[in-house]
Every structure is written in structure tokens, then in C-alpha cells.
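What follows is each chain in one-letter form.
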Amino acid sequence: MVGEKQVWHTQNEGNLARSWEQRLKPRVAPREQRRRQAAAWIRPALWIAWLWAAALVPSILAIHVMTMSYQYDQLNQQYANLTRQNQVLVATVASKTSASAFAKDAARLKVQLEAPRVDPVKKAKVSRRVSARAVSPVEQVTLWIRQLSRSLTQSTAPS
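Attention here is on the structure that accompanies the text. (Residues numbered from 1 in each chain as written. Predicted model: local features only at pLDDT ≥ 70, side-chain atom pairs only at ≥ 80, totals over all residues. Heavy atoms only, no water.)

Some details on the overall build of the protein
Selection criterion: Elements are defined by DSSP. Helices are runs of H or I of four residues or more, strands are runs of E of two residues or more, and each kind is numbered from the N terminus. Between buried and exposed lies partly exposed: a residue is buried under 20% and exposed over 50% of the maximum accessible area for its type, with that area taken using a 1.4 Å probe on protein chains only.
The secondary structure content of the protein amounts to five helices and zero strands. For the protein, the N- to C-terminal ordering of α and β elements is α-α-α-α-α. Counting only residues that meet the buried cut, the protein has 1% of its 159 residues in that class.

So this is what it looks like as C-alpha cells:
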């Protein structure tokens, strides 16, 4: 206990002056971290920028619609012109390929027109095929039996 040091809180002049100084010192509330204030002109500037951007979007859309409308009108006009040209070409081709145009060209060239020749055998074969497809199945069987009987009579007939 000899080595223990006791701290005595005694009132001496230095301690007394310090304690009264602390007591009389005006108490200030701890300072809050103040947010940094933006400049006064930033809020109106942002509002004006927002209005400008809000007006810019419809303006751009309107310009786009007008451009597309103009292009549509141009394409529609080109289509109408091409339709007219097609009608003129069809009329020209029809006038150049008609029978009277052929006769007129033949007279101008001093050439005689001839009707196209059709081989009667080929014509008969074509007509049989067409007629065989156009008739009912019963008629097809009947036709097949007749052809078979003809071929048998031709093959058995003396040559």
C-alpha cells in the first residue's frame, strides 16, 4: 500500500477556476452536418431545361411524321406513274399482237399470212387425254374396255 498512489481531488485555485470556466461557458448544441446548398439559379435552370426537353421530343416526332408523310406521297406518286406506264405498255403490246396488227404488218411487209399447222394425230391424242381426265370413272373404264377391244380386233385381224 505504500506504492499505491491515491489521487485526491482537491479544490485548489487552478481546479476551481477551470471547473467554473467550464460551467459558465455557454453550451452550444453539437453542430449538425449542413447539407451543401445549391446555387439559387440551378433550380430555375433545371426547370427550364426540363421544359425544353419536354418540348423537344414532340417536335422531333412531328418532324419525323412530316418526313414520312412526304416520302409516302412521293412513293404514291411514283406508283401512280408506274401504273399509268404499265397500262400504256399493256395497250401497246395488245395492239402489236392482235390479228389485225399481224395482218397490217404482213400487208406492209408484203408477206402472206398462213394459219399455223396442227398435226391431226397429236391433236387427237391431246383431246383424248383431256377428255379422259374430264369424264367420270365409269366412263373412263368404258373407254378403256373399248380401246382394249379395238386393239384385240386389230391384232387378231388377218394382215
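From this point on, the discussion continues.
Structural notes on the packing of helix α2 (residues 42-97) against helix α3 (residues 99-109)
The criterion, for reference: Under this scheme, a helix contributes an axis fitted over its contacting stretch, all axes are lines through C-alpha atoms, and angles between N-to-C directions fall in the 0 to 180 degree range. Note on angle classes: values under 35 degrees are labelled roughly parallel, values over 145 roughly antiparallel, values of 65 to 115 roughly perpendicular, and the remainder oblique. By definition, residues are in contact when any of their heavy atoms lie within 4.5 Å. Asp, Glu, Lys and Arg are counted as charged, while Ala, Val, Leu, Ile, Met, Phe, Trp, Tyr, Cys and Pro are counted as nonpolar; the rest, among them Gly, fall into the polar class.
Where α2 contacts α3, the two axes come as close as 5 Å, and the packing angle between them is 60°. Comparing the axis directions of α2 and α3 gives the class oblique. Between α2 and α3, the residues in contact are Ser95, Lys96 and Thr97 and Ala99, Ala101 and Phe102, respectively. Tallied by class, residues from the contact of α2 with α3 come to three nonpolar, two polar and one charged.

Considering a nonpolar patch on the surface
Let me state the cut-off plainly: Like charges are joined within 9 Å and nonpolar side chains (Val, Leu, Ile, Met, Phe, Trp, Tyr) within 5 Å, but only among residues with over 30% relative accessible area and no salt bridge; these make up the patches. Working definition of accessibility: Shrake-Rupley area with a 1.4 Å probe, residue cover restricted to the visible protein chains. A pairing counts as a salt bridge when a side-chain nitrogen of Lys or Arg comes within 4 Å of a carboxyl oxygen of Asp or Glu.
Together, Val141, Trp144, Ile145, Leu148 and Leu152 give the surface a local cluster of nonpolar side chains, amounting to about 500 Å² of exposed area. Among the secondary structure elements, Trp144 is positioned in helix α5 (residues 137-156).

Some points on the pattern of salt bridges
Counting across every chain of the model gives one salt bridge. Linking Asp105 and Arg108 is a salt bridge whose minimum nitrogen-to-oxygen distance equals 3.5 Å. One end of the pair is Asp105 and the other is Arg108, both in helix α3 and three residues apart, which spans about a single turn. Its relative accessible area of 31% is what places Asp105 among the partly exposed residues.

Observations concerning unusual backbone geometry
Although it is not a glycine, Lys110 adopts a positive phi angle of roughly 55°. By the secondary structure assignment, Lys110 is in the loop between α3 and α4 (120-134). Looking at Lys110, the relative accessible area reads 76%, which means it is exposed.

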